[in-house]
Amino acid sequence: MKKNYLNEISAVFIVLLPLLSLYKSPLAFLDLGSLVMLVLFPVLYCVTRKRTSYKMPADLRIWTVYLVYMAAVTVLSYVFAEAYTSAVFYTMRMTKNIIYIVFTLYVARKQVFNVQLAKRLYHAVTWIATAYIFVQYALFRLFHYGLAGYIPALIQAESYQSRIETIATGVYFRPTSLFYEPSHYAAYVLMGMILYLFYSDNTGRNVIRAAVITLGIFVSTSGQGIVLALMIWGLWLLKQFKYKSRHMQAVKVLMLLFVFALVYYMVFTPSGIEIIGRWLPKPGQVSAVETRSEGFRALTQMPAASWILGNGYGNIPGGYFSSWAFNFWCFGIIGTSVIVLIYLECWLKSAQKCIVLINAVLCIFSTAFMGIYFVFFFSFILSDMRMKPELFYAENDNCHYVMKEK
C-alpha cells in the first residue's frame, strides 16, 4: 500500500474517530474507534518503519518525559498511594491512553496524515452534524419528536440508550447531533469556527459560516461550548481591531446585533432559559457548574503527600474530572508542569495557535487531553508543527499547507 494512501486513510480515520468511538466493536472492552486504531497502527508502522530514526527528535523529548513519568508514577502508586479504584483497571486505562498518545505522535511525526484532506472532510462532517442538530431542534419544538443522533442498539455506552425514550417523553431535551452529549458536539465543531475565522480568507462568507456553527452550539445548550464559542469570537474581534480591518464598521454593527441576539436568546427562548437553568443551582439538583467543577473540588481533599508526584494515572475517586483536574490529581505538580510545557511547546511551534489555546481552555471543562479527543485535536496540532507558519495560506476558503521540514 502506498504511503499517500495511508495518509488519506489515517486522515479519514482521525476525523471520524469521535463518531466511530460511539459504537461497539466485536471486542466487548473496546469501542469501534479504538479497535480500528489498533489495526491501523501496525500497518502504518510496517509501511513507514524504514524512515524511523534512532535518534530521538527534539520535538518528542518532552512527550517522552511525559510518558515515562506517567508510567513511573502509576507503578509507584501501587505501593505508596491510596487505591481509589482497582489497580488492574487504572493500569489498563493508562495503557490505553499511552497507545492513543503514541499513535498520535507517530502519525504526526511520520507525516502519515493528509492535513488538507482531513480539513476538507472535517468541514463536511461539521456541517452535517450542525445541520442535523438544527433538524433535531426543529422536530422537537414543532412536533415534540426526539430524533436520535446515533443507533442506540449499537452504542458502546449502553446508559445512553434510555436517553432516546426520555427525550421522546418531553421530560428532557438537549439535542446532541450525532454524538452522545451536546458538549461532545460542541467540542468537535469548535475547531471549525477557528478555521473559518482565523485560518481562511477573511471574507463575510466565512464569518457567516462560523456564525452558523455558533448557532448550532447555542442550540445544543452546551455551557462549555457557548463559553468557548464566545471566547473565539472575542479573539477574532481583537484581531480585527489589532489589524484595523477594512470592514471595521460592519464588525461594530455585527457586534451590536450579536449582543442583542444573545440577550434575546438567553432570556426569551426555551433553549436559552434552559441553559441558564442548568448553570444555576436548584434545590435537590446539581447544576452543570457544580458537575464540571467536581474534580477541582476533589483536589481540596487530595492527600498532601500526593501533591508533588500525584496518585497515578486513572487512580481517581468517583465523580467527574476534567483534564486539568484529572492531570493534577494523577500527576501532581511535577506531571502537570510537564503538561504545561507540552502546551507551551505546541503554542510556540504550531501554525494554529488559536486551536492550541482553545484546547487548553477546553480541558478546564472536558477531557480533551485524553482519549479520542486527544487524538483528534493533537493530530492536527502536532502535524502543523511539522510545517513552517509562513507556508500556511488560504485558498478557495479552505486551509492548505505545504509540508516541509523545519
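What comes next is a walk through the structure. (Residues numbered from 1 in each chain as written. Predicted model: local features only at pLDDT ≥ 70, side-chain atom pairs only at ≥ 80, totals over all residues. Heavy atoms only, no water.)

1. A word on helix H3 (residues 61-80)
Turning to step 1, where the next piece is worked out: With 20 residues, H3 ought to run about 28 Å at 1.5 Å a step, and its terminal C-alpha atoms sit 28 Å apart, in line with that.
Turning to step 2, where the next piece is worked out: Looking at the buried side of H3, the elements it contacts are helix H4 (87-109), helix H14 (323-349) and helix H16 (371-384). (Helix = DSSP H or I, 4+ residues; strand = E, 2+ residues; numbered from the N terminus. Expected span 1.5 Å × (residues − 1). Contact = heavy atoms within 4.5 Å.)

2. Details of the packing of aromatic side chains
Turning to step 1, where the next piece is worked out: By the definition in use, this model includes 36 aromatic pairs.
Turning to step 2, where the next piece is worked out: Both rings, one in Phe369 and one in Phe378, keep their centres 5.6 Å apart while their planes meet at 80 degrees; by these two values the pair is edge-to-face.
Turning to step 3, where the next piece is worked out: Judged by its relative accessible area of 2%, Phe369 falls in the buried class.
Turning to step 4, where the next piece is worked out: Classification of Phe378 as buried rests on a relative accessible area of 0%.
Turning to step 5, where the next piece is worked out: Through successive ring pairs, a cluster of aromatic residues spans Trp63, Tyr66, Tyr69, Tyr313, Trp324, Phe326, Phe331, Tyr343, Phe369, Phe374 and Phe378.
Turning to step 6, where the next piece is worked out: We note Lys353 situated over the ring of Trp347; from NZ or CZ to the ring centre the distance is 5.5 Å. (Phe/Tyr/Trp six-rings, centres within 6.5 Å; stacked < 30°, edge-to-face > 60°. Buried < 20%, exposed > 50% of the residue type's maximum accessible area, 1.4 Å probe, protein only. Lys NZ or Arg CZ within 6 Å of the ring centre and 35° of its normal.)

3. What about unusual backbone geometry?
Turning to step 1, where the next piece is worked out: Of note in this structure, His144 is not a glycine but carries a positive phi near 55 degrees.
Turning to step 2, where the next piece is worked out: The residue His144 is located in the loop between helix H5 (115-143) and helix H6 (161-169) in this model.
Turning to step 3, where the next piece is worked out: In this model, Ser177 sits at a positive phi of 60 degrees, which is unusual for a non-glycine residue.
Turning to step 4, where the next piece is worked out: Secondary-structure assignment places Ser177 in the loop between H6 and helix H7 (182-198).

4. Things to note about the packing of helix H15 (residues 353-365) against H16
Turning to step 1, where the next piece is worked out: The contact between H15 and H16 brings their axes to 10 Å, and the two run at 150 degrees. The orientation of H15 with respect to H16, classified from their angle, is roughly antiparallel. Two packed elements cross with a definite hand, and for H15 against H16 that hand is left-handed. Residues Ile355, Val356, Asn359 and Leu362 of H15 form the contact with H16, whose participating residues are Phe377, Phe378 and Ile381.
Turning to step 2, where the next piece is worked out: When the residues that make up the contact of H15 with H16 are grouped by side-chain class, the tally is 6 nonpolar, 1 polar and no charged. (Axes fitted to C-alpha atoms, helices over the stretch in contact; angles between N-to-C directions. Parallel < 35°, antiparallel > 145°, perpendicular 65-115°, else oblique. Left-handed = near helix turned anticlockwise from the far one by under 90°. Nonpolar A, V, L, I, M, F, W, Y, C, P; charged D, E, K, R; others polar.)

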